[in-house]
Amino acid sequence: RKEVEQDPGPFNVPEGATVAFNCTYSNSASQSFFWYRQDCRKEPKLLMSVYSSGNEDGRFTAQLNRASQYISLLIRDSKLSDSATYLCVVNGRRDSSYKLIFGSGTRLLVRP
Amino acid sequence: NAGVTQTPKFQVLKTGQSMTLQCAQDMNHNSMYWYRQDPGMGLRLIYYSASEGTTDKGEVPNGYNVSRLNKREFSLRLESAAPSQTSVYFCASRKNTNQPQHFGDGTRLSIL
């Protein structure tokens, strides 16, 4: 089982739609969580950190469920520019050090 | 504010040639990382440096060496390039263990 698992998609949605991605992680000792966005052939860019209480940044809402070991990302009112791959990232302790573990990503296509 | 700077941006090598990829960050970050990303795949950690003076192997270290020259700079060396090392290489850094990573814009390396 992968440490961080995501549905690869693609999720193909019309402009204005609401779309949600889930990500599960296996290490219960994980302490911090992030969503990154990666455009084709570009570097990953931090979209938002994920806090236990859940957090919102404009059209984006992230939630953490520690009991079930998953995090989610909700995008409201999708824009064409939201088309990208969304990476779930989990920070956990392994081999006496903390490492960021990246999921393989969920691809989102927003169509006109 | 440059963030994480990688050089070169593109490089073509012949099998057996050697090459050093450079990475520098100006954010006073403690940890630095090298990843590779093959087409359609997720990020794979090659080597990392948790702090100045230390380096550790990641998921795919074979065929690579690294040097943490000082707090700012972390270089990745291919001693004898192989076609299987054709990839996009990303350098990243972060302040401490609970913080997200910040990425450079990548080096696209082709080995013929």
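Above this text is the structure in question.
This text gives an overview of the structure that appears in the document.

Rules and cut-offs
Residues numbered from 1 in each chain as written. Chains lettered and ligands numbered in written order. Predicted model: local features only at pLDDT ≥ 70, side-chain atom pairs only at ≥ 80, totals over all residues. Heavy atoms only, no water. Helix = DSSP H or I, 4+ residues; strand = E, 2+ residues; numbered from the N terminus. Buried < 20%, exposed > 50% of the residue type's maximum accessible area, 1.4 Å probe, protein only. Areas by Shrake-Rupley, 256 points an atom, 1.4 Å probe, with all protein chains shown as cover. Lys, Arg positive; Asp, Glu negative; His and termini not counted. Charge placed at Lys NZ, Arg CZ, Asp CG, Glu CD. Pairing = 2+ DSSP bridges. Axes fitted to C-alpha atoms, helices over the stretch in contact; angles between N-to-C directions. Contact = heavy atoms within 4.5 Å. Buried area = accessible area lost by both parts, 1.4 Å probe. Polar contact = N/O pair within 3.5 Å; in protein donor to acceptor, adjacent residues only side chain to side chain. Core = buried A, V, L, I, M, F, W, Y, C linked by side-chain atoms within 4.5 Å. Disulfide = S-S within 2.5 Å.

**With respect to the overall build of chain B**
Right, on to step 1. Within chain B one finds zero helices and 11 strands.
Right, on to step 2. Listing each helix as α and each strand as β along chain B from the N terminus yields β-β-β-β-β-β-β-β-β-β-β.
Right, on to step 3. Within the span of chain B, comprising 112 residues, buried residues form 47% of the whole.
Right, on to step 4. Accessible surface, chain B as shown: approximately 5200 Å² in total, 49% of it carbon and sulfur.
Right, on to step 5. One finds the centroid of the 12 positive side-chain charges in chain B at a distance of 2 Å from the centroid of its 8 negative side-chain charges.

**A look at the sheet that holds strand β1 (residues 4-7) of chain B**
All names here are of chain B.
Right, on to step 1. The four strands are arranged β1-β3-β8-β7 in an open sheet whose pairing can be described as antiparallel. What marks the edges here is a single partner per strand, and that holds for β1 and β7 (64-68). For this sheet, the mean inter-axis angle between neighbouring strands, taken without regard to orientation, is 15 degrees.

**Remarks on the interface of chain B and chain A**
Right, on to step 1. Taken residue by residue, the interface counts 17 residues in chain B and 18 residues in chain A.
Right, on to step 2. Overall, the association of chain B and chain A removes approximately 1500 Å² of surface from exposure, summing both partners, and the carbon and sulfur fraction of that is 55%.
Right, on to step 3. Broken down residue by residue, the surface that chain B buries against chain A is led by Asn98, Pro100 and Phe103 of chain B, which jointly contribute 28%.
Right, on to step 4. Counting the contacts that link chain B with chain A gives four residue pairs in polar contact (both at pLDDT 80 or more).

**Looking at the nonpolar core**
Residues and elements named next belong to chain A.
Right, on to step 1. Ranked by size, the top nonpolar core spans 24 residues in total, and within it Phe21, Trp35, Ile71, Leu73, Ile75, Tyr86 and Leu108 carry the most contacts.
Right, on to step 2. Of all the secondary-structure elements, those providing two or more residues to this core are β3 (19-25), β4 (32-38), β5 (45-50), β7 (60-65), β8 (70-75), β9 (84-94) and β11 (106-111).
Right, on to step 3. Not counting residues within four places of it along the chain, the set of residues in contact with Leu108 comprises Phe11, Val13, Val19, Phe21, Ile75, Asp82, Ser83, Ala84 and Tyr86.

**Describing unusual backbone geometry**
Right, on to step 1. In the segment running from Gly9 of chain A into Pro10 of chain A, the intervening peptide bond is cis, with an omega of 5 degrees.
Right, on to step 2. Mapping Pro10 of chain A onto the fold places it in the loop between β1 (4-6) and β2 (11-14).
Right, on to step 3. Pro8 of chain B follows Thr7 of chain B through a cis peptide bond whose omega is -5 degrees.
Right, on to step 4. Within the element layout of this structure, Pro8 of chain B appears in the loop between β1 and β2 (10-13).
Right, on to step 5. At Gln69 of chain A, a residue that is not glycine, the phi angle is positive and equals roughly 55 degrees.
Right, on to step 6. Mapping Gln69 of chain A onto the fold places it in the loop between β7 and β8.
Right, on to step 7. Residues other than glycine seldom take positive phi values, yet Asn28 of chain B does so here, at roughly 60 degrees.
Right, on to step 8. One can find Asn28 of chain B in the loop between β3 (19-25) and β4 (31-37).

**Quick word on the state of the cysteines**
Right, on to step 1. Inspection of every chain in the model, using the stated rule, returns two disulfides over all chains.
Right, on to step 2. What pairs with Cys23 of chain A in a disulfide is Cys88 of chain A, and their sulfur atoms sit 1.9 Å apart. On the sign convention where negative is left-handed, the bridge of Cys23 of chain A and Cys88 of chain A, at about -70 degrees about the S-S bond, is left-handed. Here the residue Cys23 of chain A occupies a position in strand β3, and Cys88 of chain A occupies one in strand β9, the gap between them amounting to 65 residues. Considered together, Cys23 of chain A and Cys88 of chain A belong to a single accessibility category, that of buried residues.
Right, on to step 3. One disulfide in the model links Cys23 of chain B with Cys91 of chain B; its S-S distance is 1.9 Å.

Geometry only, nothing functional implied.
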